[in-house]
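One letter stands for each residue in the lines below.
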Amino acid sequence: MASTIHTQMHNDHCQWRSENSLWREEVRKWEYDLFQARQDLPRLEKAFVDHEQALEIHAASIRLYEQALHEHEHALAKYEKGDVDDRLLKLSSQHPAEETQQRTCRDRHARIKAHHRRVMKQWRMLLKALEEPV
């Protein structure tokens, strides 16, 4: 009877050593994965800086576009009050191009918005996962 119990304990110990060996190997791989991820931190920082710069450029282009739109609207208002302005004729002929530009701006904004939302969602998920206790 004791021999059977000892055999079972020995088998358990062998199984546990095997599991421990597997676990050590997995931990070594995870440590390497983490090391590799930390090596990517400069790329992550650069990606955030690039994204920030893209947002700044986009915001500036919106402001410039708003200014041009305001000038055109102002010229229209002057024309409606009877003030003939040669600029209005030029601006009127450019209206189809403005429509195209508006569509382009709308599409670019939608792409940036989708990209930003995706990045921020993934970022929040990553932070949340990293902050969970192990």
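For clarity, every value in this text was computed on a predicted model and none was experimentally measured.

**Q** So what exactly am I meant to see when it comes to the confidence of the model for the protein chain here?
**A** This prediction gives the protein chain a mean pLDDT of 92; 98% of its residues lie at or above 70. Within the protein chain, helix α3 (residues 86-93) has the poorest average pLDDT of any element, 74, and helix α1 (residues 2-39) the best, 96.

**Q** What should I look at first to understand the side chain of H51 in this one?
**A** Along the chain, H51 falls in helix α2 (residues 41-80). H51 gets classed as buried once you look at its relative accessible area, which sits at 12%. When near neighbours in sequence (up to four residues on either side) are disregarded, H51 contacts H115 and H116.

**Q** Which parts of the structure should I look at to understand the pattern of salt bridges?
**A** Side chains bearing opposite charge may pair, as long as their charged atoms lie close to each other. All told, the structure shown has four salt bridges when counted by the stated rule. Across the pair E25 and R28 runs a salt bridge whose closest N-O atoms are separated by 2.7 Å. In this pair, E25 and R28 are both assigned in helix α1, three residues apart and thus about one turn of the helix distant. Relative accessible area serves as the criterion here: at 45%, E25 is assigned to the partly exposed category. Take R28: its relative accessible area is 45%, and that puts it in the partly exposed class. Of the charged contacts in the structure, one is a salt bridge between D40 and R43, with a shortest N-O distance of 3.4 Å.

What counts and what doesn't
Residues numbered from 1 in each chain as written. Predicted model: local features only at pLDDT ≥ 70, side-chain atom pairs only at ≥ 80, totals over all residues. Heavy atoms only, no water. pLDDT = per-residue confidence, 0-100. Helix = DSSP H or I, 4+ residues; strand = E, 2+ residues; numbered from the N terminus. Buried < 20%, exposed > 50% of the residue type's maximum accessible area, 1.4 Å probe, protein only. Contact = heavy atoms within 4.5 Å. Salt bridge = Lys/Arg side-chain N within 4 Å of Asp/Glu carboxyl O.

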